[in-house]
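So the chains spell out like this:
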Amino acid sequence: MKSGIYSLILIMLLGHCSNPSASLDMFINNFYESNLPNSLGIQSEDEIKPYLSKSLRVLFAQARKQQENFTQQYPDLKPALVGTLLFRSMPFSETSKVIIEEIKKIDSIMYRVTVSFDSILSSKRCIDKLFIQRNDTSYEIMDIELGCYKSEKLSTLLSKSIKDNQK
């Protein structure tokens, strides 16, 4: 009887001590298998919520609002970021394979994940870095450094769009 209880306790403890990088791999793969990385422009709150931090979601909401205001003021002009991939730096026209190159733990809750995009039809390669924070039960992307955009961060692109559309 005691050994059954000990076994149950051991199973419960092992379940809580799972390998964080294994579930982080799953989070990253789910993110890149979603529609977001291949979507152009600024996505809705519902689309980005499962993956992005609150601070990035706020920037998305502000950029979306600025774009709506810009479109109302200048209906014949296209606002910034409308035709831009925001979650990966490999051009949309390039069919590529996604490879998780490195997961580096920065501190107890923050990871820097290096992801490469290798074009299937050419020798083009882009390397992005995702800054991911672990929460109690999940992960969220805090920012993405887009390697083929001169290493510009997603937060910077959104902030520039907000500022540019205010002019």
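The coordinates are above.
Residues numbered from 1 in each chain as written. Predicted model: local features only at pLDDT ≥ 70, side-chain atom pairs only at ≥ 80, totals over all residues. Heavy atoms only, no water.

Engineer: Looking at this model, I keep getting lost on the overall build of the protein. Mind explaining?
Structural biologist: Per the secondary structure count, the protein includes 5 helices and 5 strands. Counting from the amino terminus, the protein carries its helices and strands in the arrangement α-α-α-α-β-β-β-β-β-α. The 167 residues of the protein split such that 38% are buried. Expressed as a percentage of contacts within the protein between residues at least 6 apart in sequence, the contacts between residues at least 24 apart total 50%. Accessible area of the protein: about 10,100 Å², with a carbon and sulfur share of 54%. (Helix = DSSP H or I, 4+ residues; strand = E, 2+ residues; numbered from the N terminus. Buried < 20%, exposed > 50% of the residue type's maximum accessible area, 1.4 Å probe, protein only. Contact = heavy atoms within 4.5 Å. Areas by Shrake-Rupley, 256 points an atom, 1.4 Å probe, with all protein chains shown as cover.)

Engineer: Quick question: what am I supposed to make of unusual backbone geometry here?
Structural biologist: Across the chain, the bulk of peptide bonds are trans and the bulk of non-glycine residues have phi less than zero. Even without being glycine, Lys-150 reaches a positive phi, approximately 55 degrees. Tracing the chain through its elements places Lys-150 in the loop between strand 4 (139-146) and strand 5 (152-153). Unusually for a residue other than glycine, Ser-151 sits at a positive phi of about 55 degrees. Along the chain, Ser-151 falls in the loop between strand 4 and strand 5. Residue Ser-151 is classed as partly exposed on the basis of its relative accessible area, which comes to 40%.

Engineer: Any chance you could explain the pattern of salt bridges here in plain terms?
Structural biologist: This model, assessed by the stated rule, comprises 4 salt bridges. Note that Glu-152 and Lys-160 form a salt bridge whose closest N and O atoms lie 2.6 Å from each other. Residue classification places Lys-160 among the partly exposed residues on the basis of a relative accessible area of 42%. The network of salt bridges with common partners includes Glu-101, Asp-118 and Arg-125. (Salt bridge = Lys/Arg side-chain N within 4 Å of Asp/Glu carboxyl O.)

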